[in-house]
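# Residue-level structure breakdown
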Amino acid sequence: MNPKPNIQLRQSEESDLEHFFQFQLDKDATYMAAFTPENPMDKTSYLTKYTKHLNDPAINNQTILIDDAIVGSMAKFEREGDAEITYLIDKNLWGKGIATAALEQFLTLETSRPIFGRVAFDNLGSQKVLEKNGFIKIGTDRFFANARQMEIEEFIYKLS
């Protein structure tokens, strides 16, 4: 049996953005995230956008670490006045419980409630992450997914 990884969260820093950019370049990760920037390869736009996010007090940006190595990111942001969660994990570490454990920790730091999560209809892994942390599926919506170049269904989850 593998020992449980030592997952830690810390406030994201500008130097972390290079790692996050590399993670989101993975085609499988982009496909599963679905709702991505129009051009996820545009590093300048990515760095400009997320540097602003780091300085926005309404956004809680956390870097996910395992043994001091950056393995992902997690953030709370606001959409139309509602708190919402987003996260990205290095694809090489999917299926190991890292996102679930990181979200559990994050929810002790970020106390905004209700908080929502949105996930592509076929992103079963992310759905499980939310459900294991107490999020309840409350509805669906349809949006254009840049990564898929089509409109897809999105599940909406809520933690009260």
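Below is a summary of the structure that appears in this document. Note that the structure is a prediction, hence the values are computed from the model and not measured.

Regarding its fold elements, the protein presents five helices and seven strands. Each helix and strand of the protein, placed in order from N terminus to C terminus, yields the pattern β-α-α-α-β-β-β-α-β-α-β-β. On C-alpha atoms alone, the protein measures out to a radius of gyration of 15 Å, which is about the 15 Å that the 2.2 N^0.38 rule sets for 160 residues. C-alpha extents for the protein along the principal axes are approximately 40 × 35 × 35 Å. Buried positions account for 42% of the 160 residues belonging to the protein. Restricting the contact set of the protein to residue pairs at least 6 apart, pairs at least 24 apart contribute 62%. A distance of 4 Å separates the average location of the 18 positive side-chain charges in the protein from that of its 24 negative side-chain charges.

Turning to the sheet that holds strand β5 (residues 115–120), a few remarks are in order. Pairing in this open sheet of seven strands is mixed, and the strands run β1-β2-β3-β4-β5-β7-β6 from one edge to the other. Across the chains shown, the open sheet's two edge strands, defined by having one partner strand only, are β1 (7–11) and β6 (136–145). On average, each strand axis in the sheet is inclined to that of its neighbour by 30 degrees, with strand direction left out of account. Sheet strands touched by helix α4 (residues 98–109): β1, β2 (60–66), β3 (69–79), β4 (82–89), β5 and β7 (150–159). Its angle to β1, the strand with the most contacts, is close to 45 degrees.

Attention now moves to the pattern of salt bridges. Applying the stated rule across the entire model yields eleven salt bridges. A salt bridge links E13 to R10, with the shortest nitrogen-to-oxygen separation between them at 3.9 Å. By relative accessible area, R10 is classed as partly exposed at 25%. A single salt-bridge network, built from bridges that share partners, covers R79, E84, R118 and E154.

So, about the packing of α4 against helix α5 (residues 124–132). Running from N to C, α4 and α5 cross one another at 35 degrees; their axes reach a closest spacing of 9 Å. Every pair of crossing elements has a handedness; the one defined by α4 and α5 is right-handed. From α4, A99, T100 and L103 reach across to α5, where they touch V129, L130 and K132. A class-by-class count of the residues in the contact of α4 with α5 yields four nonpolar, one polar and one charged.

Here we come to the pairing of β7. Two elements, β5 and β7, share six bridges in a ladder whose sense is antiparallel. Across the sheet, the residue bridging to V119 is F155, located in β7. Counting the residues between successive antiparallel strands, the hairpin from β6 to β7 contains four residues, one of them, Q149, with a positive phi of roughly 55 degrees.

Take the side chain of Q62 next. Within the secondary structure, Q62 is located in strand β2. Overall, the relative accessible area of 5% leaves Q62 in the buried class. Within the structure, the side chain of Q62 is placed 3.1 Å from the side chain of Q11, a separation counted as a polar contact. With residues near it in sequence (within four places) discarded, Q62 still touches L9, R10, Q11, S12, G72, S73, M74, F106 and L109.

Procedures and definitions
Residues numbered from 1 in each chain as written. Predicted model: local features only at pLDDT ≥ 70, side-chain atom pairs only at ≥ 80, totals over all residues. Heavy atoms only, no water. Helix = DSSP H or I, 4+ residues; strand = E, 2+ residues; numbered from the N terminus. Rg over C-alpha atoms; globule rule 2.2 N^0.38 Å. Buried < 20%, exposed > 50% of the residue type's maximum accessible area, 1.4 Å probe, protein only. Contact = heavy atoms within 4.5 Å. Lys, Arg positive; Asp, Glu negative; His and termini not counted. Charge placed at Lys NZ, Arg CZ, Asp CG, Glu CD. Pairing = 2+ DSSP bridges. Axes fitted to C-alpha atoms, helices over the stretch in contact; angles between N-to-C directions. Salt bridge = Lys/Arg side-chain N within 4 Å of Asp/Glu carboxyl O. Left-handed = near helix turned anticlockwise from the far one by under 90°. Nonpolar A, V, L, I, M, F, W, Y, C, P; charged D, E, K, R; others polar. Polar contact = N/O pair within 3.5 Å; in protein donor to acceptor, adjacent residues only side chain to side chain.

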